[in-house]
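Structural features, examined
These are the residues of each chain, in order.
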Amino acid sequence: MQKNLVIVESPSKAKTIGKFLGKDYKVLSSYGHIRDLKKKEFSIDIEHDFQPEYVIPQDKKDIVKQLKDETQKADTVWLASDEDREGEAIAWHLYEVLKLKPENSKRIVFHEITKSAILKAIEHPRNIDINLVNAQQARRILDRIVGFELSPILWRKIRPSLSAGRVQSVAVRLIVEREREIENFKSTPSYRVSAIFLVPSDDKKTIEMKAELAHKLKTKEETVKLLNNCLSTTYTITNVSNRPTKKSPAPPFTTSTLQQEAARKLGFSVSFTMIIAQHLYEGGFITYMRTDSVNLSSLATTDSKQTITTMMGEEYSQPRHYNTNTKGAQEAHEAIRPTNMENTSIEGSPQEMKLYDLIWKRTIASQMADAKLEKTTATISLSNSNENFIATGEVIKFDGFLRIYRESYDDESDKNEEENLLPPLTEGQILKNKEIVASQRFTQHPARYTEASLVRKLEELGIGRPSTYAPTITTIQHREYVEKDSKEGIERAFNVLTLKNDEIKDEMHTELTGAEKSKLFPTDTGIVVNDYLTETFPDILNYNFTADVEKNFDEIAEGEKEWPVIMKDFYTKFHPSVEKALSAKSEHKVGERLLGTDPVSGKQISAKIGRFGPIVQKGSVNDEEKPTFAQMKKGQSINTITFDEALELFKLPRTIGEYEGKAVVANVGRFGPYIRHDGKFVSIPKDKDPMYITLDDAEQLILEKRDKEIKSHIKKFEEEPELEVKRGRYGPYIAYKDSNYKLAKSVIPEELTLNECLSIIKEQDAKGPKKTKRSKKIEPKKTSKTTKAKATKTAKVSKTVKASKVSKSPKAKKTKEEKE
């Protein structure tokens, strides 16, 4: 009989912890939560203090059985799930389901997966914190109520399969409002004037010094007047100031700052950052990655000081203590840092090594000395004008933390890079001018959100917590309310006035403006849903309300409030507005826009949200004939499409001609424009328009796809018809019984035998079930009556489909980023 059973929520975490404990300990994984709210029912008893109805999912029953069997064999059961609210809830569910007792079970928490931390946790066990559990339950129940009651309204008023959520809807609102700011923005021009002055040096040479007019000029007339004055002026240095300055390092990472910096420096998405961070934590390389604390333990600061002193010298060390300013900080009690500061690098995947390097540098830099700089500012006056040019220079006297790390910024204008050192200057010194350039500049619209800047905004507003940022941003993209996209710039003319050799030149130049990369754009569906929810449920979409809800959860976690009271107060205000919205009737679908009347049929033309996105419709449901629909092209919107553009769309599908005796048809579908020929579909590239693509172009696309398909089939075996060696987007692989198996780079796929293929399959199956081919998305059936049970079923089906895209195993633990 084993003495100790340790239960964690992740198999990789179990593997790491198992290395540190002796033979008296057995470590098993629960693969996340072992029970949850029912999938097909509301699962909340409103009449009895909002009590949740939990069930053990079918795919967790074998795991629960195994854990129960092992529990019977152990003297002591150690519940070692993560230390945040979600982890506390997992421990509580285990305690309840396994029917544990206080005398034979203990709760342990640790901030890092190291031997010393695990052993220390075992020495200091505690009871399950029911306040943390209640805070997690309150969040889960409130979000279930909001999603369950709002989603059916969206299905009825806009289109099926839509969903709403307390935090995700507010995130969409931020993005929609930013888009409207951009649409309403009016750019204003001005002139930025810069000059190059010649400064004599001690060796009788001249040094070029850049300076800039103290302010921008609003008009061309003002600028020409200044340049004309400069033709006959004398430039005198009227003031020179030298002042020492310093730069201090940023605090060590919290969850949100790690997500932001990984996006800026490494190009990682928010969810990908958390997945990689989870790997690093479970591998024992970093501390817990869901935290809003910037505090470092005394051990970490001591180790950092020793590492800095050894690597760079004592003058580079400056131990610091940071205070957490985030309201309601509750996830953990230390910042994200390496578990061993002496490890400047680790072995792992390229992404793991990059993220670890970023965390190590940020942590080390936070404990290093300030960078010492000297800033010089010179004022250059004009003898015949009140205008002044300003020259600034900055030199690093001591690099301090800058030797290791420089923080990145979302906005280029936020940057404050060091400038060049100015030459020796004296007040009263007369300078010669080499050149003055006045460039026309334009004010820029507010920047669209990136994933990183959206996280920062959510944190500023107090919306969500470290464990919710990534899943929120992932969800709004999966729901197709928001898309991450890049935008090509457009060419813009601007004026440049140059004074050189006593001559003023007036020229027009061109530049590319408005280009954006990996920004968050609201879709038509997102805009329509946001506008409807904002108008119908203003409280739910209110930023302060969402932040206040988070505060309530924090107070529940502190034991200051009872969660049923919070739920009742919310529900008594929320539910009547739901009933009112359901009973409201309108002549048109929400978001529908009437464009005009078709001159041929006399039917109305409208733009609206269809089952698969924005469409135009000819006719209405009240007509004898059924309405006809046409999918909008990429870049078109129900808010901006014109009547003529809508009529053009009804010319599709368009028969281009015949090829090999079969019709060739161009059309636009859910995933963009395509060619249909002989029952097969070929995507039309961006540079071709389905309205004007020629038969020759279509034939070429058909042949190219055929050639690509032929090349994708490398080898088949008559003895095993379900097995095939294929070439995919990421290289060759084996396809067998709806599963795919990777091939090592050293393998020559053309030379594989059937036995070798089966051996590879057997070897990879032994490591765990393979990822199966992606199933089609299940859409809910349209019904005349919306019931709560059906609403929950559809919402859950959608979640299951999306989760299957990232889950490696049916039993694999969902990370918190993959949850709703």
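One can find the structure itself at the top, above this paragraph.
In short, a report on the structure.

**Structural notes on the sheet that holds strand β8 (residues 105-107)**
Picture the strands of a sheet paired through backbone hydrogen bonds; they go either parallel or antiparallel. Spatial strand order, β2-β1-β7-β8: four strands in an open sheet with parallel pairing. Both edges of this open sheet fall to β2 (25-29) and β8, since each of them pairs with a single strand only. Across this sheet, the average inter-strand angle for adjacent strands is 20 degrees, counted without regard to direction. Across three bridges, strand β7 (residues 76-79) lies against β8 in parallel orientation. Considered in β8, the bridge of Trp-78 is made with Lys-106.

**Some points on the packing of aromatic side chains**
One pass over the full model with this rule turns up 12 aromatic pairs. Ring centres of Phe-545 and Phe-570 lie 6.1 Å apart, and the angle between their planes is 25 degrees; this geometry places the pair in the stacked category. Remark: Phe-570 occurs in helix α16 (residues 563-583) and Phe-545 occurs in helix α15 (residues 543-557); sequence separation between them is 25 residues. Classification of Phe-570 by relative accessible area gives buried; the value is 8%. Plain terms: the ring middles of Phe-570 and Phe-574 are 5.0 Å apart, the flat faces sit at 15 degrees to each other, and that makes the pair stacked. Taken together, the residues span about one helical turn, with Phe-570 and Phe-574 both in helix α16 at a distance of four residues. For the pair shown, Phe-570 and Phe-574 are each scored as buried. Positioned above the aromatic ring of Tyr-405, the side-chain terminus of Lys-265 is 5.2 Å from the ring centre.

**Remarks on the environment of Thr-16**
Its location among the elements puts Thr-16 in helix α1 (residues 11-20). Along the backbone, Thr-16 and Asp-303 are 287 residues apart, and their C-alpha atoms lie at a distance of 23 Å. Every residue in contact with Thr-16, bar those within four places of it in the chain, is listed here: Ile-113, Glu-282, Gly-283 and Gly-284. A polar contact is formed between the side chain of Thr-16 and the backbone oxygen of Glu-282, at a distance of 2.5 Å.

Calculation notes
Residues numbered from 1 in each chain as written. Predicted model: local features only at pLDDT ≥ 70, side-chain atom pairs only at ≥ 80, totals over all residues. Heavy atoms only, no water. Pairing = 2+ DSSP bridges. Helix = DSSP H or I, 4+ residues; strand = E, 2+ residues; numbered from the N terminus. Axes fitted to C-alpha atoms, helices over the stretch in contact; angles between N-to-C directions. Phe/Tyr/Trp six-rings, centres within 6.5 Å; stacked < 30°, edge-to-face > 60°. Buried < 20%, exposed > 50% of the residue type's maximum accessible area, 1.4 Å probe, protein only. Lys NZ or Arg CZ within 6 Å of the ring centre and 35° of its normal. Contact = heavy atoms within 4.5 Å. Polar contact = N/O pair within 3.5 Å; in protein donor to acceptor, adjacent residues only side chain to side chain.

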